[in-house]
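# Report on the structure
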Amino acid sequence: MDFSRRAMLGAMGGLAVGGSIAAMSGNVIAAPAAPEMTGGKDGLFDQQYGLFGWKAHKIDDVAGAMDVAYKGYWYKGLGCGYGAFYAIVNDMAKKYGAPYNTFPYSIMEMFKGGFGDWGTICGALAGAGAAFSLFYGRNESKPMVNELFRWYEKTAFPIYNPGEAAQGFKGDLPTSVSNSVLCHISVSRWSYETKIAANSKQRSERCGRITADVVKKAIEILNAKIDAGKDWKGALGKQESVTQCGACHSKGKMADNVKGNMDCTPCHSGSDHVQNKFVNHP
Ligand code: HEC
Ligand code: HEC
């Protein structure tokens, strides 16, 4: 991986490689050539620049990136995952060109509506998380995702307001806290609490604004990570329920049958919302 990063720096800057420490710290150096392919035996798992081989650069213009995220959400209807990913990676593409500008960004459309409209993971989170994964393998990207997702579960959305530039609905929108990273719960809880239809322009507008909100947080995390390096840790701990239920339901415990870090409460608290709706229901 060291080597691939060096090759990439060379390819990007057209400059020669000096010591590996200098190359790792991002100092510019020469050497060039086609991006290195790294992979396993027999040419399997070859990948240009190597695994997680793109270099992350700090993003200074947070307001600009939020604006792009919001516009990206609306651009040809490509949606939240596209808007979030594009806003982050395009900032680097604008400054550094390749490889950032070679990414087929539109692949991120699939995250729209919680992946192909299935209401699973919030696409804005998925887009931002995918951007983290361009640069860092799981040991380093997971703490970043943890921080982003925990913040999302507890935040009242939407925050961002594009003002006159609004493309779906102008003006303030009511907010709600989802306690969940799932598109379905995030959207339905908001719709239920605000009485605004899930399939309305206002709801689309809400998700466009959330795309900008998620990008803002993701950039904060990415910038802090770049500053702190390998040992960066987030500030937010596990949600209370995950710790509490995990005392018995996590790895190696008496009932080791649960994976994941989602807040358990929306689904397992026995609230009105998760009672049986197949009987005695309008
Ligand atoms: C003190 C240990 C302990 C804690 C804490 C705990 N559980 Fe359990 N839980 C168990 C055991 C033991 C079972 C039975 C496992 C089996 O049948 O294989 C179980 C079963 C379950 C089941 C399936 C059966 C059922 O009764 O529905 C669910 C769902 C569940 N727990 C959810 C939770 C959630 C959510 C929390 C946190 C609010 C939690 N548990 C906290 C020990 C615990
Ligand atoms: C998005 C909703 C959701 C969240 C969040 C969630 N669960 Fe579940 N969980 C489910 C559903 C649905 C099932 C399957 C229930 C069934 O079998 O009918 C399930 C199954 C389980 C089971 C297996 C036993 C059973 O009843 O089927 C356990 C244990 C469990 N969950 C614990 C947890 C714990 C602990 C957390 C938090 C770390 C958690 N769950 C988070 C929805 C959720």
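A few words now on the overall build of the chain. Summing up its helical and strand segments, the chain has 10 helices and four strands in all. Along the chain direction, N to C, the helices and strands of the chain fall in the order α-α-β-β-α-α-α-α-β-β-α-α-α-α. For the chain, with 282 residues in total, the buried portion stands at 35%. For the chain, the proportion of contacts with a sequence separation of at least 24, taken over those separated by at least 6, is 59%.

What follows covers the nonpolar core. Core analysis: the largest hydrophobic core is formed by 58 residues, its most contacted members being Ala69, Ala84, Ile88, Leu125, Ala128, Val215 and Ala218. Those elements that place two or more of their residues in this core are α3 (62–74), α4 (79–96), α5 (123–135), α6 (138–154), α7 (183–194) and α8 (201–228). Those residues within four positions of Ile88 in sequence are excluded, and the remaining contacts are Ile59, Ala65, Ala128, Ala131, Val215, Ala218 and Ile219.

A few words on the packing of α6 against α8. Following both chains from N to C, one finds α6 and α8 inclined at 150 degrees, their axes separated by 10 Å at the closest point. Classed by the angle they form, the pair α6 and α8 counts as roughly antiparallel. For α6 against α8, the interelement crossing comes out right-handed. In contact with Met144, Glu147, Leu148, Trp151 and Tyr152 of α6, α8 contributes Val214, Lys217, Ala218, Ile221 and Lys225. Along the lines of polarity and charge, the residues of the contact of α6 with α8 split into seven nonpolar, no polar and three charged.

Inspection of the region around ligand 1 gives Ser241, Gln244, Cys245, Ala247, Cys248, His249, Met254, Ala255, Cys264 and His268 as its neighbouring residues. With six residues, the top contributor of residues to the shell around ligand 1 is helix α9 (residues 240–249). Considered class by class, the residues forming the shell around ligand 1 number six nonpolar, four polar and no charged.

Lining the immediate environment of ligand 2, one finds 13 residues, of which Cys245, His249, Met262, Cys264 and Cys267 sit closest. Every element with two or more residues in the shell around ligand 2 is listed here: α9 and α10 (265–268). Along the lines of polarity and charge, the residues of the shell around ligand 2 split into eight nonpolar, five polar and no charged.

For Leu236, the position within the fold is in the loop between α8 and α9. Separated by 85 residues in sequence, Leu236 and Trp151 place their C-alpha atoms 7.5 Å apart. Residues within four places of Leu236 in sequence aside, it is in contact with Glu147, Arg150 and Trp151.

Attention now moves to the packing of α3 against α8. At a closest axis distance of 8 Å, the pairing of α3 and α8 adopts a crossing angle of 145 degrees. Like other packed secondary-structure pairs, α3 and α8 cross with a definite hand, here right-handed. The segment α3 lies against α8, with Val62, Ala65, Met66, Ala69, Tyr70, Tyr73 and Trp74 engaging Cys207, Gly208, Arg209, Thr211, Ala212, Val215, Lys216 and Ile219. Here the contact of α3 with α8 is composed, by residue class, of 11 nonpolar, two polar and two charged.

With that settled, consider the environment of Ile221. Mapping Ile221 onto the fold places it in helix α8. Spatially, the C-alpha atom of Ile221 lies 9.0 Å from that of Val145, the residues being 76 residues apart in sequence.

Looking now at α4. Residue pairs spaced three or four apart in an α-helix point in one direction, given the helix's 3.6 residues per turn. With 18 residues, α4 extends 25 Å from end C-alpha to end C-alpha; this agrees with the ideal 26 Å at 1.5 Å per step. The sharpest bend along α4 reaches about 30 degrees and sits at Val89.

Averaged over all residues, the pLDDT of the chain equals 90, while 88% of them reach at least 70. Taken as a whole, residues 1–27 scores under 50 in pLDDT and shows 61 contacts with residues more than four places along the chain or in a different chain.

Another point: unusual backbone geometry. With an omega of 5 degrees, the peptide bond between Ala98 and Pro99 qualifies as cis. Across the junction of Phe157 and Pro158, the peptide omega takes the value -5 degrees, indicating a cis bond. Its place among the elements puts Pro158 in the loop between β3 (156–157) and β4 (176–177). Located in the positive-phi region is Phe52, a residue other than glycine, with phi close to 50 degrees. Within the secondary structure layout, Phe52 lies in the loop between β2 (47–48) and α3. On the basis of neighbour counts, which here come to 20 C-beta atoms within 10 Å, the residue Phe52 falls in the buried class. Here Asn179, not a glycine, exhibits a phi torsion of approximately 55 degrees, which is positive.

Calculation notes
Residues numbered from 1 in each chain as written. Chains lettered and ligands numbered in written order. Predicted model: local features only at pLDDT ≥ 70, side-chain atom pairs only at ≥ 80, totals over all residues. Helix = DSSP H or I, 4+ residues; strand = E, 2+ residues; numbered from the N terminus. Buried ≥ 20, exposed ≤ 12 C-beta atoms within 10 Å, placed from the backbone. Contact = placed C-beta atoms within 7 Å. Core = buried A, V, L, I, M, F, W, Y, C linked by C-beta atoms within 7 Å. Axes fitted to C-alpha atoms, helices over the stretch in contact; angles between N-to-C directions. Parallel < 35°, antiparallel > 145°, perpendicular 65-115°, else oblique. Left-handed = near helix turned anticlockwise from the far one by under 90°. Nonpolar A, V, L, I, M, F, W, Y, C, P; charged D, E, K, R; others polar. Near = placed C-beta within 6 Å. Expected span 1.5 Å × (residues − 1). Bend = angle between axes of the 7 residues up to and from the residue. pLDDT = per-residue confidence, 0-100.

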